[in-house]
Amino acid sequence: MNNLTQSEWLSKLPLLQEVMEKKEVLWKNPLIEPTTAGLAKTSLSQEDVTDARQRLERFAPYLAKVFPDTAVNDGIIESTLTPIPKMKNVLERDFDINIPGQLLLKQDNALPISGSIKARGGIYEVLKHAETLAMKHQLLTDTYDYRQFAESKFQQLFAKHKIAVGSTGNLGLSIGIMSAQLGFNVTVHMSADAKQWKKDLLRSKGVHVVEYKDDYSKAVEEGRRQADADPSCHFIDDENSTDLFMGYAVAGERVAAQLKEQHIVVDQDHPLFVYLPCGVGGGPGGVAFGLKLVFGDHVHCLFAEPTHSPCMMIGMMTGLHDKISVADFSLDNKTVADGLAVGTASAFVGKTMEPFLAGCYTVKDRTLFKLLKELADSENIWLEPSALAGMAGPVQVIMSNIPSADSSKATHLVWATGGNMVPEEEMQSYYQQGEN
Ligand SMILES: *Cc1c(COP(=O)(O)O)cnc(C)c1O
């Protein structure tokens, strides 16, 4: 722990005491800066996001062809932005507070192909890799109609190449489904948290699934080690990938367009608060970066983590990022929020977020179940537990007196990161736990 003992950290950062006690807490990031100053500190830029957006546009006709449920949106993988006023009433009643602003839900739970936020970054990185290989082997003819990617000569090329990834479940689903569709030889290294139905589904699509008894970090480490030994293998590195990050970041411009369509203003007087469930950090980090590029200082992004797995909060608070883990504060990384069950955060994301992130907060599993049931009852929207971590956000920022969070001109946007792939019985059992 970088020379400091646990008790030294606790006296330096008293909030860590409450984190250790698994209380629901909010940490404000003291390193946040004006967006322009933050952008000067990173090598990532608008050009990278534009490049990613354009690549997704090139592939859209292909996706519309091979995944018919993307055809309604012409092969662009995007979700709706839904006002949830009934749920807002429920939150106000439950927590006995007033939320004067508007409450919206970004429904990545319903994204096509893999039913979670991973359909952004994960699919993007696989497509980018496929494009790179196709160009290298001169398979793309000069008409550049990307529907060609469905042809057998592409499949034959990709069959000679491997893709590997380590995952708690959802990233594996998105990478596995996309890679198998293109014809790659794909292996998913699954942590112990990964649900059986996700492994079964991947195997049914011809994906190799390797199971681990350890948590996420171990699955990634082992996957990376095996892939490094094989030059034909592309390892999708959830802890360090700028491609994944950029795939997620494209969401910023897309949300901006949706807000505009709904006549929702974001400016100096109308702040936007966005609540993003965080595991290793790539998904929420990428989305937050994309939003900062569009809205600058008018958007306030917060990451939400389980009380048993607050790896990003601890990493950013101590400034040690991946050199410290939740275990260093006696936390077990055991949570029903399997998508967030990560003990050590990405250092790449944590460092990149230092000037941009408003803060992090934690949520108990019990709260996740309760919110799951309440959202189902009030709005008939069904999310997986991880995705409910964002729903506690408006309550947290208002109770913590974050400036202008209680303004009637504020918009609160909860990022619903997953849900649609969860089997019915599994969802019913979550709902039951919300009832108890
Ligand atoms: C992966 C995931 C997240 C968090 O994304 P990270 O990139 O791991 O931080 C949040 N919610 C769900 C449902 C996920 O699958």
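Residues numbered from 1 in each chain as written. Predicted model: local features only at pLDDT ≥ 70, side-chain atom pairs only at ≥ 80, totals over all residues. Heavy atoms only, no water.

Participant: Would you explain helix H11 (residues 242-249) in this entry?
Facilitator: Each α-helix turn comprises 3.6 residues. Residues three or four places apart therefore point the same way. Among the eight residues that make up H11, seven are buried, leaving the element largely enclosed by the rest of the structure. All buried positions along H11 are accounted for by Asp 243, Leu 244, Phe 245, Met 246, Gly 247, Tyr 248 and Ala 249. You can read the cap of H11 off the contacts: a side-chain oxygen lies 3.2 Å from the backbone nitrogen of Asp 243, and it is on Ser 241. (Buried < 20%, exposed > 50% of the residue type's maximum accessible area, 1.4 Å probe, protein only. Helix = DSSP H or I, 4+ residues; strand = E, 2+ residues; numbered from the N terminus. Polar contact = N/O pair within 3.5 Å; in protein donor to acceptor, adjacent residues only side chain to side chain.)

Participant: What is the right way to read the environment of Leu 201 from this model?
Facilitator: Its location among the elements puts Leu 201 in helix H9 (residues 196-204). Taking the C-alpha atoms as reference points, Leu 201 and Ile 177, separated by 24 residues in sequence, lie 9.2 Å from one another. Contacts of Leu 201, omitting those with residues within four sequence positions, involve Leu 173, Ile 177 and Met 421. (Contact = heavy atoms within 4.5 Å.)

Participant: Looking at this structure, how should I read unusual backbone geometry?
Facilitator: In terms of backbone geometry, most residues other than glycine have negative phi values and most peptide bonds are trans. Notably, Ile 113 is not glycine yet its phi reads approximately 75°, a positive angle. Looking at the secondary structure, you find Ile 113 in the loop between strand E3 (102-107) and helix H6 (118-136). Taking relative accessible area as the criterion, Ile 113 reaches 10% and is therefore assigned buried. One non-glycine residue, Ser 404, lies in the positive phi region at around 65°.

Participant: How should I be thinking about the site of the ligand in this particular structure?
Facilitator: Near the ligand, the surroundings consist of 16 residues, among which Lys 118, Asn 170, Gly 281, Gly 283 and Thr 417 are the closest. Lys 118 is positioned with one of its side-chain polar atoms (N or O) 2.7 Å from an oxygen atom of the ligand. The side chain of Asn 170 places a nitrogen or oxygen atom 2.7 Å from an oxygen atom of the ligand. When the free accessible area of the ligand is taken as 380 Å², the share hidden by the protein chains comes to 98%. Across the shell around the ligand, the residue classes break down as five nonpolar, nine polar and two charged. (Near = heavy atom within 4 Å. Areas by Shrake-Rupley, 256 points an atom, 1.4 Å probe, with all protein chains shown as cover. Nonpolar A, V, L, I, M, F, W, Y, C, P; charged D, E, K, R; others polar.)

Participant: Looking at this structure, how should I read the sheet that holds strand E11 (residues 411-416)?
Facilitator: Each strand in a sheet pairs with another by means of backbone hydrogen bonds, the pair being arranged parallel or else antiparallel. Strand order across the open sheet formed by seven strands is E1-E10-E9-E8-E11-E3-E2, with mixed pairing between neighbours. Only two strands of the sheet have a single partner each, and these edge strands are strand E1 (26-28) and strand E2 (81-83). Taking the axes of each pair of neighbouring strands and ignoring which way they run, one obtains an average angle of 25° across the sheet. Of the strand pairs in this sheet, E3 and E11 are connected by six bridges, and their pairing is parallel. Considered in E11, the bridge of Leu 105 is made with Val 414. Sheet strands touched by helix H16 (residues 365-379): E2, E3, strand E9 (299-306) and strand E10 (359-363). Its angle to E10, the strand with the most contacts, is close to 90°. (Pairing = 2+ DSSP bridges. Axes fitted to C-alpha atoms, helices over the stretch in contact; angles between N-to-C directions.)

Participant: What should I look at first to understand helix H14 (residues 311-318) in this one?
Facilitator: Among the eight residues in H14, eight count as buried, and that is most of the element. For H14, the elements touching its buried residues are helix H1 (6-12), helix H2 (15-20), E1, E9, helix H15 (347-353) and E10.

Participant: Would you mind showing me how to read the pattern of salt bridges here?
Facilitator: Oppositely charged side chains are able to pair whenever their charged atoms sit close together. Under the definition given, this model contains 25 salt bridges. With its nearest N and O atoms 2.8 Å apart, the salt bridge here joins Glu 78 to Arg 120. Here Glu 78, found in the loop between helix H4 (46-66) and E2, pairs with Arg 120, found in helix H6; they are 42 residues apart in sequence, far enough to count as distant. The exposure classification of Glu 78 matches that of Arg 120, with both residues buried. We note a salt bridge from Asp 108 to Arg 120, for which the minimum N-O separation is 2.7 Å. Taken together, the residues span a long stretch of sequence, with Asp 108 in the loop between E3 and H6 and Arg 120 in helix H6 at a distance of twelve residues. Across the pair, Arg 120 and Asp 108 agree in class, each one buried. Through salt bridges with shared partners, a single network forms among Glu 78, Lys 106, Asp 108, Arg 120 and Arg 254. (Salt bridge = Lys/Arg side-chain N within 4 Å of Asp/Glu carboxyl O.)

Participant: Any chance you could explain the packing of helix H8 (residues 170-182) against H9 here in plain terms?
Facilitator: Packed helix pairs are characterised by how far apart their axes lie and by the angle those axes make with each other. Between H8 and H9, the shortest axis-to-axis distance is 10 Å and the interhelical angle comes to 10°. When the axis of H8 is compared with that of H9, the two are roughly parallel. Contacts between H8 and H9 involve Asn 170, Gly 172, Leu 173, Gly 176 and Ile 177 on the former and, on the latter, Trp 197, Lys 198, Leu 201 and Leu 202. For the contact of H8 with H9, a count of residues per class yields five nonpolar, three polar and one charged. (Parallel < 35°, antiparallel > 145°, perpendicular 65-115°, else oblique.)

Participant: So what exactly am I meant to see when it comes to the packing of aromatic side chains here?
Facilitator: The relative placement of two aromatic rings is captured by the distance of their centres and the angle of their planes. For the structure on display, the rule yields 16 aromatic pairs. An angle of 35° between the planes, with centres 6.5 Å apart, marks the rings of Tyr 144 and Tyr 146 as tilted. On the basis of relative accessibility, which here comes to 2%, the residue Tyr 146 falls in the buried class. An aromatic cluster of three or more residues is present, and its members are Phe 59, Tyr 62, Tyr 144, Tyr 146, Phe 149, Phe 154, Phe 158 and Phe 184. (Phe/Tyr/Trp six-rings, centres within 6.5 Å; stacked < 30°, edge-to-face > 60°.)

Participant: Would you take a moment to explain the sheet that holds strand E7 (residues 233-236) for this structure?
Facilitator: Taken in spatial order, the four strands make up an open sheet running E6-E5-E4-E7, and their pairing is parallel. Each edge of the open sheet is held by one strand with a lone partner, namely strand E6 (208-211) and E7. Looking at each pair of strands side by side, their axes are set apart by 20° on average, direction ignored. One ladder, built from four bridges, connects strand E5 (residues 185-190) with E6; its direction is parallel. If you follow Val 188 over to E6, its bridge partner there is Val 209. Most of the contacts of H8 go to strand E4 (residues 162-167), to which it runs at about 165°, and overall it touches E4, E5 and E7.

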